[in-house]
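Commentary on secondary and tertiary structure
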Amino acid sequence: MRSYQVVDFGFPLREATAPDPAPSGHEVVVAVEACGVCHSDLHIWEGSYDLGGGKRLMLKDRGIPLPLTPGHEVAGVIVRVGPEVTDRKVGEKVLVYPWIGCGQCRVCREGRENLCMKPRCLGVHCDGGYASEMVVPHSRYLLPLDGLDAKIAAPYACSGLTSYSALKKFGATLKDEPLLVIGAGGLGLMTVTILRAMGGKGAVVVDIDAKRREAALAAGALAAVDGGAPDALAQVQQAFGGPVWAALDLVGSSQTGALGFDALAKGGKLVLVGLFGGATPWSMPLIPMKAATIEGSYTGNLRELAELLDLLRTGAIPPIPMGARPLAEATQTLEDLKAGRIVGRVVLTP
Ligand SMILES: [Zn+2]
Ligand SMILES: [Zn+2]
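Described below are features of the structure shown in this document. (Residues numbered from 1 in each chain as written. Chains lettered and ligands numbered in written order. Predicted model: local features only at pLDDT ≥ 70, side-chain atom pairs only at ≥ 80, totals over all residues. Heavy atoms only, no water.)

**Side note on the packing of aromatic side chains**
Centre-to-centre distance and the angle between the planes together describe a pair of aromatic rings. In plain terms, the rule: Classification of ring pairs rests on two measures: the distance between centres of Phe, Tyr or Trp rings, Trp counted by its six-membered ring, which must be within 6.5 Å, and the angle between planes, read as stacked under 30 degrees, edge-to-face over 60 and tilted in between. The helix and strand labels rest on DSSP assignments: H or I over at least four residues marks a helix, E over at least two residues marks a strand, and numbering proceeds from the N terminus. Whether a residue is buried, partly exposed or exposed follows from its accessible area with a 1.4 Å probe, protein chains only, as a fraction of its type maximum: under 20%, in between, or over 50%, in that order. Comment: the charge-over-ring label is applied if NZ (Lys) or CZ (Arg) is within 6 Å of the ring centre and within 35 degrees of the ring normal.
Using the criterion set out here, one finds 3 aromatic pairs in the structure. Summarising the aromatic geometry, the rings of Phe261 and Trp282 are spaced 5.8 Å apart at their centres and angled 50° between planes, so their arrangement reads as tilted. Here the residue Phe261 occupies a position in helix H9 (residues 254-263), and Trp282 occupies one in the loop between strand S14 (264-272) and helix H10 (286-289), the gap between them amounting to 21 residues. Each member of the pair, Phe261 as well as Trp282, is classed as buried. Just above the ring of Phe261 sits the side chain of Lys290; from NZ or CZ to the centre is 4.6 Å.

Below you can see the structure in the form of structure tokens.
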């Protein structure tokens with residue numbers, strides 16, 4: 001098998017070859033047909049997160065082993081199964097759920113493995129899908145594609161799931177109230193389209209990039225506001241024409257967090273997803289005075305991914321712009337993503 005690995009944080013990925021893996025126990029080997037390139041791959045590649053105030057979270061201090069094959073948005077075909085696997089067959093096309101936990105703790109037992117304190121996420125803590133083949137530790141993490149195109153389905157394992165799980169945190173509000181969505185990258189476009197498919201009222205999108213604002217409008221956003229404008233907040237309020245009850249920050253910088261919070265009505269909710277970095281921008285007393293809810297959302301659970309695939313199969317989610325590139329362009333793709341040169345999603349196709 002062939003893979004592209006992070007050998008040293010921040011340096012070009014290196015091609016590696018190894019014998020094809022032989023699965024044991026409940027393991028399944030999937031031949032990768034498509035692997036999405038996600039913003040969090042950038043953090044893994046760079047090896048750190050900006051915590052604000054000059055502090056950085058270093059991945060080498062968090063048990064991220066090198067060399068590591070990134071890639072957590074994987075769809076492909078089963079090529080080998082371990083002796084204990086009875087529910088999946090060779091030749092079956094599947095989407096891989098990558099947010100795997102220890103399986104023992106409270107959140108894992110509750111089916112919220114994505115919140116486990118001892119994560120074993122594929123492409124983050126274990127080798128992922130920037131490869132011709134990958135090992136999945138248990139067949140239960142594989143969801144049948146049932147006719148869906150691997151290139152279309154792959155990004156739903158992270159960007160789609162992250163959008164869906166974040167949207168669910170607003171509950172019924174989204175049926176009658178528009179949602180403020182900050183950030184119109186791959187995640188933002190996914191959010192706009194999934195919100196429509198869920199029967200939501202719609203999204204007002206903020207982005208500093210004109211091309212991405214256009215893409216958001218094309219994906220069905222109600223309005224798009226330039227986040228770099230000095231009167232961005234006033235423009236957001238004008239686009240809503242009323243109170244903002246729900247805001248979703250997919251960027252996660254001090255600036256976008258401030259915009260989302262400042263826009264909120266009393267009793268409103270801000271959900272944070274983006275990991276751009278920085279310190280929290282809110283004055284403490286304003287949180288109780290606005291009776292605001294600020295909630296973090298991190299990926300999603302296996303049940304939510306199954307629900308989302310069902311929604312995708314109905315055809316209700318319009319496709320977002322998608323590009324396919326050969327696996328050998330992994331480093332170039334990460335560089336393009338970092339420089340903001342990608343609209344929509346790129347999948348690598350080994
Ligand atoms: Zn991701
Ligand atoms: Zn656990």
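Here the narrative resumes.
**A few points about helix H8 (residues 232-240)**
Let me state the cut-off plainly: Directions pointing from the helix axis toward each C-beta atom define the arc. Contacts between residues were defined by any pair of non-hydrogen atoms, one from each residue, lying within 4.5 Å.
Three or more residues of H8 are buried, namely Ala232, Val236 and Phe240. Projected down its long axis, H8 shows its buried positions confined to an angular sector of 75°, all on one face. Check the buried side of H8 and you find it contacts strand S10 (179-182), strand S11 (203-207), strand S12 (223-226), strand S13 (244-249) and H9. One or two positions beyond H8, positive phi appears at Gly241, with a value near 65°.

**Description of the coordination of the zinc ion (ligand 2)**
Here is the rule we go by: Keep in mind that water is not among the atoms, so a site may look incomplete; donors are the N, O and S atoms within 2.8 Å of the metal, or 3.2 Å for Na, K and Ca. Geometry is assigned from donor-metal-donor angles: four donors are tetrahedral when every angle falls between 85 and 135 degrees, four are square planar and six octahedral when opposite donors sit over 155 degrees apart with all other angles between 65 and 115, and any other arrangement is irregular.
With distances of 2.3 to 2.4 Å, the protein atoms coordinating the zinc ion (ligand 2) are Cys102 (SG), Cys105 (SG), Cys108 (SG) and Cys116 (SG). One can describe the donor arrangement at the zinc ion (ligand 2) as tetrahedral, given that its 4 donor atoms subtend angles of 104 to 115° at the metal. In terms of primary sequence, the donors binding the zinc ion (ligand 2) are separated according to C-x2-C-x2-C-x7-C. Judged by its relative accessible area of 7%, Cys108 falls in the buried class.

**As for the pattern of salt bridges**
Stated formally: Any Lys or Arg side-chain nitrogen located within 4 Å of an Asp or Glu carboxyl oxygen qualifies as a salt bridge.
With the rule as written, the count across this model stands at 17 salt bridges. Note that Asp146 and Arg313 form a salt bridge whose closest N and O atoms lie 3.9 Å from each other. A residue pair is termed long-range when its members are at least 10 positions apart, and Asp146 in the loop between strand S9 (142-144) and helix H3 (150-153) and Arg313 in helix H11 (residues 302-313) qualify at 167 residues. For Arg213, the salt bridge identified is with Asp226, shortest N-O distance 3.4 Å. Note that Arg213 is positioned in helix H7 (residues 210-218) and Asp226 in strand S12, a separation of 13 residues in sequence.

**Describing the coordination of the zinc ion (ligand 1)**
Around the zinc ion (ligand 1), the protein contributes the donor atoms Cys38 (SG), His72 (NE2) and Cys158 (SG), which lie 2.0 to 2.1 Å from the metal centre. When the donor residues of the zinc ion (ligand 1) are listed from N- to C-terminus, their spacing reads C-x33-H-x85-C. Residue His72 is found in the loop between strand S5 (55-58) and strand S6 (73-81), and its partner Cys158 is found in the loop between H3 and helix H4 (159-168); the two are separated by 86 residues along the sequence. Residue classification places Cys158 among the buried positions, given a relative accessible area of 6%.

**Remarks on a nonpolar patch on the surface**
Using the following cut-off: Here, patches come from residues exposed beyond 30% relative accessible area and free of salt bridges, joined within 9 Å for like charges and within 5 Å for nonpolar side chains (Val, Leu, Ile, Met, Phe, Trp, Tyr). Computed with the Shrake-Rupley method and a 1.4 Å probe, the accessible areas treat only the protein chains shown as cover for residues.
Taken together, the side chains of Leu115, Leu275 and Tyr298 define a hydrophobic patch exposed on the protein surface, amounting to about 260 Å² of accessible area. By secondary structure assignment, the location of Tyr298 is in the loop between strand S15 (293-296) and H11. With relative accessibility at 41%, the residue Tyr298 sits in the partly exposed group.

**Some points on helix H1 (residues 39-46)**
Within H1, 6 of the 8 residues are buried, which leaves it mostly tucked inside the rest of the structure. The complete set of buried residues in H1 reads Ser40, Asp41, Leu42, His43, Ile44 and Trp45. The inward-facing, buried residues of H1 abut strand S3 (28-36), strand S4 (48-52) and helix H12 (330-338). Looking one or two residues past H1, Gly47 carries a phi angle of roughly 85°, positive in sign.

**Some details on the packing of H4 against helix H6 (residues 186-197)**
Formally: For helices, the fitted line uses only the C-alpha atoms of the stretch in contact; every axis is such a line through C-alpha atoms, and the angle between N-to-C directions lies from 0 to 180 degrees. Convention used here: angles under 35 degrees read as roughly parallel, angles over 145 as roughly antiparallel, angles from 65 to 115 as roughly perpendicular, and any remaining angle as oblique. If you view the pair so one helix is near and one far, a crossing is left-handed when the near helix is turned anticlockwise from the far one by less than a right angle, and right-handed when it is turned clockwise. Gly falls in the polar group here, along with every residue not listed as nonpolar (Ala, Val, Leu, Ile, Met, Phe, Trp, Tyr, Cys, Pro) or charged (Asp, Glu, Lys, Arg).
The geometry of H4 relative to H6 is characterised by a closest axis approach of 9 Å and an angle of 55° between their N-to-C directions. When the axis of H4 is compared with that of H6, the two are oblique. Of the two elements, H4 crosses H6, and the hand of that crossing is right-handed. Between H4 and H6, the residues in contact are Ser159, Gly160, Thr162, Ser163, Tyr164 and Leu167 and Leu187, Met190, Thr191, Ile194 and Leu195, respectively. When grouped by side-chain class, the residues that make up the contact of H4 with H6 number 6 nonpolar, 5 polar and no charged.

**A closer look at the layout of surface pockets**
Using the following cut-off: Think of a 1 Å grid over the protein atoms and nothing else: a 1.4 Å probe that fits but is trapped marks a cavity, an open set flanked by protein within 12 Å on at least five of seven lines marks a pocket, and residues with an atom within 4 Å of a point count as lining. Grid points are joined across faces, edges and corners, and a volume is the space filled by probe spheres set on the points.
One number sums up the size of the second largest pocket: a volume of about 270 Å³. Lining the second largest pocket are 21 residues, with Met1, Asp127, Gly128, Met134 and Val135 sitting closest to its centre. Of all the elements in the fold, those that place two or more residues in the lining of the second largest pocket are strand S1 (2-5), strand S2 (14-17) and strand S8 (133-136). Split by residue class, the lining of the second largest pocket holds 11 nonpolar, 5 polar and 5 charged.

**Notes on the sheet that holds S14**
Our working rule: Only when DSSP finds a minimum of two bridges between them are two strands counted as paired.
The parallel open sheet is built from 6 strands, whose spatial order is S12-S11-S10-S13-S14-S15. Edge positions in the open sheet fall to S12 and S15, since each of these has one partner strand only. Between one strand and the next, the sheet's axes are offset by a mean angle of 20°, whatever the strand orientation. Pairing of S11 with S12 involves 4 bridges; the strand directions are parallel. Its bridge partner being in S12, Asp207 is matched across the sheet by Asp226. Here H6 sits on the sheet and contacts S10, S11 and S13; the angle it forms with S10, its principal contact strand, is near 160°. Those strands touched by H9 are S10, S11, S13, S14 and S15, and its axis lies near 150° from that of S14.

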